[in-house]
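Analysis of the macromolecular model
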Amino acid sequence: MKPNRRVRVTSPQTRIALARRHRPGQHLLPMPAPADITGARAAFRRQRRIALATMAGLACLVFGTSGLVAALPALDRLQVAGVPASWLVVGVALYPLLLALAIVHVWRAERAEQGDGAPPANDRLRHG
Amino acid sequence: MTSFLAIGLVLAASLVIGIYGVRAARTTSDFLIASRKVAPGWNSMAIAGEYLSAASVLGLAGLVLKNGLGTLWYAVGFTAGYVAVVALVAGPMRRSGAFTVPDFAEYRLGSPRLRKLSGCIVLVIMLLYLVPQFKGAGLVLHLVSGAPYWVGVLLAGMVVSVSIAAGGMRSATYVQAFHYVVKLAFLAVPAVYLIVHAGADARAQALEPDRGAVFREDTVVEFNVGTRLEIPEPTTVAATGGESVPLGAGVHDVAAGEKLTFPAGASVPRPAGVPELGGEEWSRPLLDTGEAGSPLFGTWSTLLAITLGAMGLPHVLMRFHTSPTARTARRVAVGVIALLGVFYLFPAVYGLLGRVFTPRLALGEASDTVTVVLPAEVVPGAPGTVLTALVAAGAFGAFLSTSSGLLLALAGGLSHDLFSGSVPRLRFAVAAGTMVAVLIALPAFRLDINVLVGWAFAVAASTFCPLLVLGIWWRRLTLAGAATGLTIGAVTSTGAVALSAVADLEPGWVTILLAQPAAWTVPLAFATMIVISLLGNEPDWAEHALLRLHAP
Amino acid sequence: MRAAAAPDRGPAASGGPRYTDPVVTGWLGRTRRLFQDGRPAVQADRRSAVAVLKEARKLDGDLQDGLHGRGTPSAARRLARLLGADAVVLAGLDGPVAEYGTLPPDTDVGALLAQVYGRGGVIRQPPLFAAPLFVAEELAGCLVVGGDIAQDELSEVAGLASDSLDHAELRRSRERIAAADLRSLRAQISPHFVHNALAAIAALIHAEPDRARELLSDFADYLRYSFSSAGDYATVATELQATQTYLELQRARFRDRFHVTVRIAPEVLPVAIPFLVVQPIVENAVRHGLEQKPGGEGQISVSGVGEGPLCVIEIEDDGVGMDPEFARAVLAGTGPPANGVGLANVDRRLRTVYGPEYGLVIETAPGNGTKVVIRTPRFMRGVVAD
């Protein structure tokens, strides 16, 4: 028995909408307010403080080290394990520091979130 | 031939992973496994895999060879950008549910028009980013096959669009993660091997600052463009026809197509516009863009552009959508920092060894090829061939993952944000994007990969970075402010970039401000958004949209 | 539109043309005369009629959030200009809401309102006039006018304002109905499933008590998922888990007679979609595709991939398939009510949330299985899984 060929079917609205080249302006669904607006404001301000601190740290780290390299040409001649110290700073040493900065940020941000009485992450995942 | 085999293997493996790498479950109880979230580690690797483009795999080593140690700041900026992403963007972006930057613009400011404007900017950034990828791929294929550069670029364009059309990116996470491993392994293993086999003598030379560079053996240098050379000490070279030409110390012009053979032991001449190879300026880890004589400014401007630009790169932000929660999104970004840090230890190895073994590459327009050319020079014979194949395959993997990701983002943007076609003509948009990128990449041979990528970062930093940072952290941002700021940021940064690509300017402050526009375009865009926003009032729901981004 | 009442611009002098604005008392009066006399309209009169209609529509806009919305002061000003009155007060049942112009100094608005609300009709105390406003035949507020105006002018304008408020009320109910519709559509699915699931468990209780207990606990999880959630959206991942529970229960009924394959790209797992859009389609595949397949084994495959900005979920079975005309009728809402409830329901909800172009696409033929394709944008403003 030769099987019948499948036919593509949609609702009439979808058929017309798909055939039309341009779709009309999308309707915007309403933006619901958070349940606890004072709590949400406090959480926002806490997170903003932490983010600002991390960004300040980042600026100090990258601009500071480059400034240091520029200010101290002696670093080029100082050898550490056969490699000029300034090369080591730029090529190797900065990466662990950047990683540490990010880890500290995540630690602080998550602690601030936990402080809001939110359920721990595992619990939330289980409940979807 | 070996290289083609390696490239083919990477390509085939990517296709197989891309098509069959989706989690398949055969029994109902496997539903649970299939629906369990992807582990954060995979996600970090996928992000790093997509992010490490030809600029990192080929460009960085080439830049170190040509412009000196200061270019390592590019790598620092690429990584530092992720610290900014962790701190400012990753979590809130995930909470907004936005998949692309235009999505976020619509979420936060509720305007389909702003969405279109952002879509246009996505296009500009993606093209600026795609062109160097195609240049890199064309270069690799040109090197391993000997075919002309344009054949390589065309071939690369065909490979990537066919692989996307064949469904090679249906499971993008695993493909990109696989590519991270390919890039790291195929760059790290040869690097370590080269360090070991270069010999103590060469190692010491590579690590010694301020010692200049000499040709180790009689070296043929092919100039494919006219070049002005500064010869440090009198040398006798063999010209194209084989006749001996004595060159006195000083400036000489070499015509395009000329082949000069430098004798062993001769000092490497210095092309105009770049620091003397291995010289004092080359050895200082600072970036003196445009020869303006202000290395610290050049360094800071580059750092600013790249760190802030990473935050605004559309294809980077898209990947956080895959994380199940905002918390994981942040952790994923931290993982990326670690993975990038490991990877960026290696490009410098190629640059430093390149000064000793292949100084000729710094003379022509071929410094981007150092990663691929170096292994065969250091280790002659079969091991060298294998190493070259590995590096070429790694570089091709870099091209493949980044350009597929970019093309999909570009095509998605085209079909969704700009043309509002009822059925997204994704495949068509991919082909169109590839074609445009290939067409621009053909004449872009002379431009350094990293310069082009740097421009993409500068545009992202002057447009999406302020939009995201203010949108996420400032309640009073208004539609008018965002739209004006985006427009001004986009116009000034692309204008500056286009001008410095087209015009031939004298070294000086104007050049550096045009070549490194981020230092003034980013503050300008921020200021515009803030001032115009303060003049108006934000709608009632703006605060709700903002607070949702930070709700634990 | 936000406009505060500006008392200093209020008409202080009486008599004479007080405004250069086209919409003043005279215009309203002339328009009325035009209709009373039945004479052919001269062009100026037609223009003034259009101007009055335009003002009426703008009044509708001002009052679109009801009497307590932000447009009420603007509405008061517009009414004052329409009537050529010295002052206009719009009041709710609890007292004045917006005031334009200045009432005579010794006016006791509160007492006037009490009188109007007591009588439910127009009060005339020159120079003050007050008319009640009705929304859905019910007293909702009051229009107080100070100045020299005719009785019929006042009642016409009060009627206009009442109609605008009525429109606002209707508009709000339309939104409420759409939301309630979505919720009731969601609830429609559950009874089928609950019945089938309980029947399947009941059949196992004696033969395999352990498995029955396991299924019952699965079922409890499922119920929590479908009933207790506050929002209207879930992630693809949680939706798939609900589907899994359903299939587990069905397998128990069918003695493992069908096979299931799932292929989901991890990128789409966190995408937010409306609740219960995959499960009803899988249910449809089992009930109408496999259950009616004579004897043989069946196969269902579910796949989810990201396609640019879209998330595409496909559910395919190799069952008996459908007559395409029947499928078309089901999706158009003209099919027999008992069959394909799930498909029509999911289709309608997808279109309500995402717009008409995101409706279901069904590919089917009699005897050749069915494939149902769900396409949703990965991001849609307001679609957030809680």
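Report follows, based on the coordinates. All residue numbers refer to position in the chain's written sequence, counted from 1. The naming scheme follows written order: chains are lettered A onward, ligands numbered 1 onward. Where totals are concerned, whole chains, interfaces and linings use all residues; where local detail is concerned, this predicted model gives features only for residues with pLDDT of at least 70, and gives and counts side-chain atom pairs only at 80 or more. With hydrogens and water excluded, all non-hydrogen atoms of the structure serve as input to the side-chain values.

1. Thoughts on the nonpolar core
Selection criterion: What we call a nonpolar core is a set of buried Ala, Val, Leu, Ile, Met, Phe, Trp, Tyr and Cys residues that are connected through their side-chain atoms within 4.5 Å. The buried label goes to any residue with under 20% of its type's maximum accessible area, the exposed label to any with over 50%, and the partly exposed label to all in between, with areas taken from a 1.4 Å probe on protein chains only. Put simply, DSSP H or I for four residues or longer makes a helix, DSSP E for two residues or longer makes a strand, and each gets a number counted from the N terminus. What makes two residues a contact is simply this: any of their non-hydrogen atoms within 4.5 Å.
Judged by nonpolar contacts, the single largest core of 202 residues is most densely connected at Tyr82(B), Phe134(B) and Phe320(B). With 18 residues, the single largest contributor to this core is helix 19 (residues 449-473) of chain B. Setting aside residues up to four positions removed in sequence, Phe320(B) forms contacts with Ile47(B), Tyr82(B), Val85(B), Ala90(B), Arg94(B), Ala329(B), Val332(B) and Ala333(B). Residues Val277(C), Leu290(C), Val302(C) and Leu360(C) belong to the second largest nonpolar core, which totals 46 residues.

2. A short note on the pattern of salt bridges
Rules: Whenever Lys or Arg places a side-chain nitrogen within 4 Å of a carboxyl oxygen from Asp or Glu, that contact is recorded as a salt bridge.
In total, this model carries 20 salt bridges over all chains according to the counting rule given. The partner of Arg6(A) in a salt bridge is Glu316(C), and the shortest N-O contact between them spans 2.8 Å. Of this pair, Arg6(A) sits in the segment before strand 1 (7-10) while Glu316(C) sits in strand 10 (residues 310-317), which puts the two residues in different chains. Among the salt bridges present, the one from Arg171(C) reaches Asp60(C), with a minimum N-O distance of 3.6 Å. Pair noted here: Arg171(C) is in helix 5 (residues 151-204) and Asp60(C) is in helix 2 (residues 43-62), with a separation of 111 residues, a long-range link. Residues joined in a network through salt bridges with shared partners are Glu110(A), Glu113(A), Arg95(B), Arg327(B), Arg330(B) and Arg331(B).

3. What about unusual backbone geometry?
Residues and elements named next belong to chain C. Of note, the phi angle at Ala136 is positive, near 50 degrees, even though the residue is not glycine. Looking at the element boundaries, Ala136 is found in the loop between strand 4 (128-135) and strand 5 (138-146). The exposed category is assigned to Ala136, whose relative accessible area is 53%. Here the phi dihedral of Glu137 falls at roughly 65 degrees; this positive angle occurs in a residue that is not glycine.

4. A closer look at the interface of chain A and chain B
For the record, the criterion: Two N or O atoms form a polar contact when they lie within 3.5 Å of each other; inside protein one atom must be a possible hydrogen donor and the other a possible acceptor, and for residues adjacent in sequence the pair counts only when both atoms belong to side chains. All residues other than Ala, Val, Leu, Ile, Met, Phe, Trp, Tyr, Cys, Pro, Asp, Glu, Lys and Arg, Gly among them, are scored as polar; the first ten of these are nonpolar and the last four charged.
Across the boundary between the two partners, chain A contributes 60 residues, which contact 60 residues of chain B. The tally of links from chain A across to chain B stands at 6 salt bridges. Of the charged contacts, one joins Glu113(A) and Arg95(B) as a salt bridge, the two residues approaching to 2.9 Å between their closest N and O atoms. Counting across the chain A and chain B interface gives 8 residue pairs in polar contact (both at pLDDT 80 or more). Elements represented by at least two residues in the side of chain A that touches chain B include exactly helix 1 (12-19), helix 2 (37-71), strand 3 (83-84), helix 4 (85-114) and helix 5 (121-127) of chain A. Residue composition of the side of chain A that touches chain B, grouped by class: 37 nonpolar, 13 polar and 10 charged.

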